Amino acid sequence: MSEDGSDRSLLRVSGLRKYFFEQNTLVDRLLRTDPVAVRAVDGLSFEIEEGETLGLVGESGSGKSTTGETILDLQSPTIGDIEYDGQNVSDIESYSEAPRSLSVRAYLLAGVLAVFALATLVGGVLAAGSAFAGFDPVGTGASTPLGVLGVLWALAGAALLAGSFGLATQRVWGWRLAVWTLGALLVLAIATLFVEPIVAVVGVVASVLGVLSLFKIARAYFRPPAFRRETAILFQDPFSSLDPRQSIGDIIEAPLKTHDWPISDPEIDANADVTTDGIGPDELSVHVDANVDKALEPDGSTVTVPVTVRAGTAGETIDTTASDPGELTIATPSSLDADVITQETGVSVDVSGTGSTGSDRAIVVETPELVTATVNRDSETITVSIEPESDAVLRKHRVQFLLRRVGLSPDQLDRYPHEFSGGQRQRIGIARALALEPDFVVLDEPTSALDVSVQAQVLNLLDDLQDELDLTYLLISHDLSVIRHVCDRVAVMYLGEIVEIGPANDLFTDPQHPYTEALLESVPRASTDERNRTRETISGDVPSPRNPPSGCRFRTRCPKVIQPDDVELEQSAYRAIMDLRQRIEDRELPIARVRETVDVPAGDESTAADRAELVDALYERYFANDLPDRDRSTVRSALEHVVDDDWATAADTLRERYESVCETVNPGLATERHAAACHLRTDVRKEPAETIPSGD
Ligand SMILES: Nc1ncnc2c1ncn2[C@@H]1O[C@H](COP(=O)(O)OP(=O)(O)OP(=O)(O)O)[C@@H](O)[C@H]1O
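From a predicted model like this one, the values you see are computed outputs, not experimental measurements. (Residues numbered from 1 in each chain as written. Predicted model: local features only at pLDDT ≥ 70, side-chain atom pairs only at ≥ 80, totals over all residues. Heavy atoms only, no water.)

A.B. asks: Now, about the UniProt feature "transmembrane region" (unreviewed entry) in the chain: what can you tell me, with residues and values included?
C.D. replies: The sites that UniProt annotates as "transmembrane region" (unreviewed entry) are residues 106-133, 145-165, 177-195 and 201-222. Between the C-alpha atoms that bound residues 145-165 the distance is 30 Å, and the span itself is 100% helix and 0% strand. Its end C-alpha atoms 27 Å apart, residues 177-195 is made of 89% helix and 0% strand. (UniProt positions renumbered as here; feature names shortened; annotations may be inferred. Helix = DSSP H or I, 4+ residues; strand = E, 2+ residues; numbered from the N terminus.)

A.B. asks: So what's going on with the pattern of salt bridges? Residues and values would help.
C.D. replies: Per the stated rule, a full pass over the model turns up 30 salt bridges. Between Glu-50 and Arg-8 there is a salt bridge, with the nearest N and O atoms lying 2.5 Å from each other. Linking Glu-50 in the loop between strand E2 (36-49) and strand E3 (53-57) with Arg-8 in the segment before strand E1 (9-22), this pair joins segments that are 42 residues apart in sequence. Among the residues examined, Glu-50 registers a relative accessible area of 30% and is labelled partly exposed. Since its relative accessible area comes to 40%, Arg-8 is described here as partly exposed. Ionic pairing is found between Asp-42 and Arg-17, a salt bridge with its closest N-O pair at 3.2 Å. (Salt bridge = Lys/Arg side-chain N within 4 Å of Asp/Glu carboxyl O. Buried < 20%, exposed > 50% of the residue type's maximum accessible area, 1.4 Å probe, protein only.)

A.B. asks: Residue-level account of the pairing of strand E20 (residues 497-503), with values.
C.D. replies: Across the 7 residues that make up E20, a large majority, 7, are buried. As defined by bridge partners, strand E19 (residues 489-494) adjoins E20 across 6 bridges and the pair is classed as antiparallel. By the bridge assignment, Val-490 is partnered in E20 with Gly-502. Connecting E19 to the antiparallel partner E20 that follows it, the hairpin turn spans 2 residues, and Leu-495 within it adopts a positive phi of roughly 45 degrees. Two strands pair when backbone bridges link them, and E20 and strand E22 (residues 675-676) are joined in this way by 2 bridges, in the antiparallel orientation. Following the sheet pairing, Ile-501 is matched in E22 by Ala-675. (Pairing = 2+ DSSP bridges.)

A.B. asks: Any chance you could break down unusual backbone geometry for me, citing the residues and the numbers?
C.D. replies: Its identity is not glycine, yet Leu-495 carries a phi of approximately 45 degrees, on the positive side. Along the chain, Leu-495 turns up in the loop between E19 and E20. Its relative accessible area of 3% is what places Leu-495 among the buried residues.

A.B. asks: Quick one: what's the story with the sheet that holds E3, residue by residue and with numbers?
C.D. replies: Reading across from one edge, E6-E17-E18-E3-E19-E20-E22 is the order of the 7 strands in this open sheet, with mixed pairing throughout. Unpaired on one side and paired on the other, strand E6 (231-234) and E22 mark the two borders of the sheet. Taken together, the 5 bridges between E3 and strand E18 (residues 472-477) define a ladder with parallel strand orientation. Across the sheet, Val-57 pairs through a bridge with Ser-477, a residue of E18. Strands E3, E6, strand E17 (440-444), E18 and E19 of the sheet are contacted by helix H2 (residues 64-71), whose axis makes an angle of about 155 degrees with E18. (Contact = heavy atoms within 4.5 Å. Axes fitted to C-alpha atoms, helices over the stretch in contact; angles between N-to-C directions.)

A.B. asks: Describe the site of the ligand, and please don't skip the residues or the numbers.
C.D. replies: Taken together, the neighbourhood of the ligand is formed by Phe-20, Val-38, Ala-40, Glu-59, Ser-60, Gly-61, Ser-62, Gly-63, Lys-64, Ser-65, Thr-66 and Pro-545. Within the contact set of the ligand, an oxygen atom lies 2.9 Å away from a side-chain nitrogen or oxygen of Lys-64. Relative to its free-state accessible area of 630 Å², the ligand is covered by the protein chains to the extent of 64%. Listed by contribution, the elements that provide at least two residues to the shell around the ligand are E2 and H2. Considering each element in turn, the shell around the ligand owes the most residues, 3 residues, to H2. (Near = heavy atom within 4 Å. Polar contact = N/O pair within 3.5 Å; in protein donor to acceptor, adjacent residues only side chain to side chain. Areas by Shrake-Rupley, 256 points an atom, 1.4 Å probe, with all protein chains shown as cover.)

A.B. asks: Residues and numbers for helix H21 (residues 647-658), please.
C.D. replies: With 12 residues, H21 should reach 16 Å at 1.5 Å per residue; the first-to-last C-alpha distance of 16 Å fits that figure. In the core, the buried residues of H21 are packed alongside helix H17 (571-585), helix H18 (591-598), helix H20 (629-643) and helix H22 (661-664). (Expected span 1.5 Å × (residues − 1).)

A.B. asks: Outline the confidence of the model for the chain, supporting the account with residue identities and numerical values.
C.D. replies: Overall, the prediction assigns the chain a mean pLDDT of 79, with 77% of residues at 70 or greater. Segment residues 314-360: pLDDT under 50, and 99 contacts once partners within four positions in sequence are set aside and those in other chains are kept. At the level of chain-chain contacts, confidence expressed as ipTM amounts to 0.98, with global pTM at 0.71. (pLDDT = per-residue confidence, 0-100.)

A.B. asks: Tell me about a negative patch on the surface, and name the residues and values.
C.D. replies: Taken together, the side chains of Asp-439, Asp-463, Asp-464, Asp-467 and Asp-470 make up a negatively charged region of the molecular surface. Within the secondary structure, Asp-467 is located in helix H12 (residues 452-469). (Patch = residues over 30% accessible without salt bridge, like charges linked within 9 Å, V, L, I, M, F, W, Y side chains within 5 Å. Lys, Arg positive; Asp, Glu negative; His and termini not counted. Charge placed at Lys NZ, Arg CZ, Asp CG, Glu CD.)

A.B. asks: Explain the environment of Thr-372 to me, using residue names and the numbers behind them.
C.D. replies: Following the sequence through the fold, Thr-372 ends up in strand E15 (residues 371-377). Accessibility expressed as a relative area gives 18% for Thr-372, which makes it buried. Distance from Thr-372 to Ser-385, taken between C-alpha atoms, is 8.1 Å for residues 13 residues apart in sequence.

A.B. asks: Give a description of empty space enclosed by the protein that names residues and reports values.
C.D. replies: Taken as a whole and judged by the stated rule, the model has 4 cavities of 30 Å³ or more. Of the volumes computed, that of the largest cavity is approximately 70 Å³. Residue lining of the largest cavity: 13 residues in total, with Cys-552, Cys-558, Cys-662, Cys-678 and His-679 positioned closest to the centre. Partitioning the lining of the largest cavity into residue classes produces 9 nonpolar, 2 polar and 2 charged. Here the second largest cavity is characterised by a volume of approximately 50 Å³. (1 Å grid on protein atoms, 1.4 Å probe; cavity = no way out; pocket = protein on both sides within 12 Å on 5 of 7 lines; lining within 4 Å. Points joined across faces, edges and corners; volume = space filled by probe spheres on them. Nonpolar A, V, L, I, M, F, W, Y, C, P; charged D, E, K, R; others polar.)

Below, the structure is given as structure tokens:
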């Protein structure tokens, strides 16, 4: 729950599935091999509230990382909905929702493309007109073949014009149309080569220029989706996730460049808040660039630049390194040829010059860091223009700020990852993750590659950053102590499903699902009492996500699997029967080996007594402790069918008596705050039979 007590969901996931399809290549399809689905994430539904940390815990291979990556759209979901801040992620991603503001350069290039399209259209019409309609105002005297090409040029020109209009209005079809028509124009230009080489050369050059400008426009249009700016991921391994050939400054700056940060919002008004000292406001005008919101934080829909203008003294040198570190003082004398010396740490201004008006009074303008001021003075007015620093400077400042924020020195930005320790590298990873000011961060095993001694420092840093920046976290970990230490709520995953979800404290003190209980039991404890307790570890291997068990996926390993009403066996005996049944279904009983140990021949050569001996041997192999009479007789009857090579009847015999609700019905999670998908819970939801999407 968020700090103000409201429970606003930032992320809502419903029915999320992510299947990886194997044997799904063209060759497989030609050979008619059916694709195999690896059901990495299989029907997750949960919410994450603003400001909270949800932990995702489970054994290796349970689908935690795939869940995180699918939520962030680093993998596309097979099916299911992900809503972020009330909006479906696929809508946030859509092209029509791309950033509203385009750079002037992109508009300019779209204009160039339109002019080229228009010229092509006009040229084509003139050539066609001259060849076929006696319309030849500029005397092209085009031949019939050139006339035919002219018609095609005109058509392509019209299509390109439409395409550039579509681009300017941010439509996907505009992009496609422009690409296709430029391709067509290139072919036409080559065709024209055989008819009119000069026209062809002009056409080729123009088409190539068109293609180049198109790619530049595309870069501006097809920025990575807005959703990715609001979210980030911190990877497990700080060694492999940082490119060793890039300086850490470049590493942290990379997402800023990819997303064209800083981004200006044309809907934010910019104005100046001017105080003057010794200079009459009536002789002062201040122009503020509309895009200063790039450099300054807007307050609602307005960004205000505090500007102080004061009279300076001729001969005074103002060294801004000595001023308030949060502020940059830019000064110019009234003459415009002031000697401004930019240093890495600030700006010094020599105001010894005299004003063009003859005054020896200098003008000093103080503005916030990251905007620059230029002063112009004529006999009537002093004009101060405020504009943001260049994007490159703003990005560098941001990188320095981020480095400071994660506890590293901003001077280190030219150094390379190998010069840092594991903990420091993970701090660099955090700085990179936070570069675009995300609201939601997936932390994928953030400390598991680190020394124990630095794990706590990194976790504390993440905690501080969460408070300071109102971050919401999804923390993926198999380390229960990390989860317990950090998370508000916890979801436990097993084979692609959430088996239990609830507040961290409730889940750790009162686990509801046998899998959660087993996971908690498997954690080594520090105290002697605890160490001596009997630890019930989970038996068996995790089944394959290619063919997960029916019903409850944990049932093949569950120490509490539910027996049918008329069966009352010890859990271990029931488990042994279930395991035997599974082996029979998989036809994996080592009959031949057991036959050798008791020296019983195969097939018709064996007598009834031989077969009984073989059944005895098999029974003893799997049931060291004898079963009650009725169960012994059922199991032996099944084994007899096995010995007679009738595996199907053997499996049916066992299924008839021992089939558990755990295998026939998939338990779903109830909507309670603390819920477990287990038939032992009275509030369990019974899931309908599922349909598996195909690999198409
Ligand atoms: N690209 C892929 N192609 C096929 N199978 C995949 C792919 N990525 C993951 N899987 C499978 O999906 C299942 C879930 O993997 P995932 O990495 O999400 O699990 P995890 O719980 O994060 O495990 P770990 O803690 O080991 O990272 C695994 O069985 C894995 O083999």
